[in-house]
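Commentary on secondary and tertiary structure
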Amino acid sequence: MRVARFSLDDEPRFGVIGDDNGTTVIAPLKGDPMYAGVELTGQKLPLDDVRLLAPVIPRSKVVCVGKNYVRHAAEMGGEVPEEPLIFYKPNTSVIGPDEPIFYPEQTQNLHFEGELAVVIGRICRKLDAADAAKVIYGYTVANDVTARDLQAKDGQWARAKGFDTFCPLGPWIETDLDPSDVRVSTSLNGEPRQDGRTSDMVFSVADVIEYVTSFTTLLPGDVVLTGTPEGVGPMQVGDSVSVTVEGIGTLTNPVVADIDDEDDDLEVPA
């Protein structure tokens, strides 16, 4: 099942993606399916008639794993960590499909990092890897946008990874996916840049969830980014970056200059 958040007449709603006689449609739900279950309203709307939003806005946190692919660790000039390398992105960094990634004035080297993202569906703490599937609501596509020069300058990654718009998610949540061996690819302006498989991850999805819950509680709606394959690289204002995860779909975002605007319409977690 593919669960999306969408806007119709500026009202955020949830829906299920489906097919109606060859037309891709979204069937609206009566509430948030993560909490209220799947209850259809009976409507069907052409997907092209709505605006897709980030499929989840974490009320708590986005947990990320660094250097989780051997070749990516090598291209960053380091070795694979002995344990998962964990960092966080604020929930204010989350945006949805087709929303712009702001290029901050503080950086001169903004990079894309295509990733598989895990959406947590149940509260969990000190979980065994064997039980990880029980707490996963589904999977989506992520772009771990990074100011590479600030990452090197600061010595820690909070600023480099945490600007507003630095965590695109979408286009929806796929609830039925085996994450052990799916393709993760990224293109820039239509040109291939990254191409890897989750089977190349050093620490599996289950391993990561076990490790993260050993020191912090994961809550429903939290998102876990699982690392990026080799091929990360710079984006410029005017570029369009697309991340595709096999079995889920493609997340595309344009890159625009960041300007001061008191009317910026940022989604705030409820």
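The model shown is predicted, which means the values in this text are computed figures rather than measured ones.

What counts and what doesn't
Residues numbered from 1 in each chain as written. Predicted model: local features only at pLDDT ≥ 70, side-chain atom pairs only at ≥ 80, totals over all residues. Heavy atoms only, no water. Patch = residues over 30% accessible without salt bridge, like charges linked within 9 Å, V, L, I, M, F, W, Y side chains within 5 Å. Areas by Shrake-Rupley, 256 points an atom, 1.4 Å probe, with all protein chains shown as cover. Salt bridge = Lys/Arg side-chain N within 4 Å of Asp/Glu carboxyl O. Lys, Arg positive; Asp, Glu negative; His and termini not counted. Charge placed at Lys NZ, Arg CZ, Asp CG, Glu CD. Helix = DSSP H or I, 4+ residues; strand = E, 2+ residues; numbered from the N terminus. Buried < 20%, exposed > 50% of the residue type's maximum accessible area, 1.4 Å probe, protein only. Phe/Tyr/Trp six-rings, centres within 6.5 Å; stacked < 30°, edge-to-face > 60°. Pairing = 2+ DSSP bridges. Axes fitted to C-alpha atoms, helices over the stretch in contact; angles between N-to-C directions. Contact = heavy atoms within 4.5 Å.

This paragraph deals with a negative patch on the surface. On the surface, E105, D164, D258 and D260 cluster together to form a negatively charged patch. Tracing the backbone shows E105 in the loop between β9 (101–103) and β10 (110–112). Residue classification places E105 among the exposed positions, given a relative accessible area of 70%.

Bringing the packing of aromatic side chains into the picture now. Overall, the coordinates contain 3 aromatic pairs when judged by the stated rule. Arranged with centres 5.1 Å apart and planes meeting at 70 degrees, the rings of F87 and W157 form a pair that is edge-to-face. Remark: W157 occurs in the loop between α3 (148–154) and α4 (158–162) and F87 occurs in strand β7 (residues 85–89); sequence separation between them is 70 residues. Judged by centre distance (5.1 Å) and plane angle (45 degrees), the rings of F163 and F166 are tilted. Neither residue differs from the other here; F163 and F166 are each classed as buried.

The next point concerns the sheet that holds strand β15 (residues 183–188). Taking strand neighbours across the sheet as the criterion, the 5 strands line up as β9-β20-β19-β15-β16 in an open arrangement whose pairing is mixed. For this open sheet the edge positions go to β9 and β16 (191–197), each flanked by a neighbour on one side alone. Pairwise comparison of adjacent strand axes, ignoring direction, gives a mean angle of 20 degrees for this sheet. Where β15 lies against β16, 6 bridges are found, and the strand directions are antiparallel. Bridge assignment links V184 to a residue of β16, and that residue is G196.

Our next topic: the sheet that holds β10. Strands belonging to one sheet form pairs held by backbone hydrogen bonds; the direction of such a pair is parallel or antiparallel. Strand order across the open sheet formed by 3 strands is β13-β10-β18, with antiparallel pairing between neighbours. Edge strands, defined here as strands with exactly one partner in the open sheet, are β13 (146–147) and β18 (233–235). By the bridge criterion, 2 bridges tie β10 to β13 in an arrangement that is antiparallel. Opposite H111, over in β13, you have T146 as the bridge partner.

Moving on: the pairing of β15. With 5 of 6 residues buried, β15 lies mostly within the body of the structure. Connecting the antiparallel pair β15 and β16 is a turn made up of 2 residues, with N189 showing a positive phi of about 55 degrees. Where β15 meets strand β19 (residues 240–245), 5 bridges bridge the pair, whose relative direction is antiparallel. Counterpart to S185 in the pairing with β19 is T244.

Let's shift gears to the environment of M1. Here M1 is to be found in the segment before β1 (2–8). Classification of M1 as partly exposed rests on a relative accessible area of 38%. With residues up to four places along the chain from it excluded, the contact list for M1 reads V16, V38, I173, E174, T175 and D176.

With that settled, the discussion passes to the pattern of salt bridges. Scanning the model with the defined rule gives 13 salt bridges in all. With a shortest N-O distance of 3.4 Å, K161 and E113 are connected by a salt bridge. With K161 in helix α4 and E113 in the loop between β10 and β11 (114–120), this residue pair connects regions lying 48 residues apart in the sequence. The same class applies to K161 and to E113, which are both buried. Linked by salt bridges that have partners in common, K89, E113, D144, R148 and K161 make up one network.

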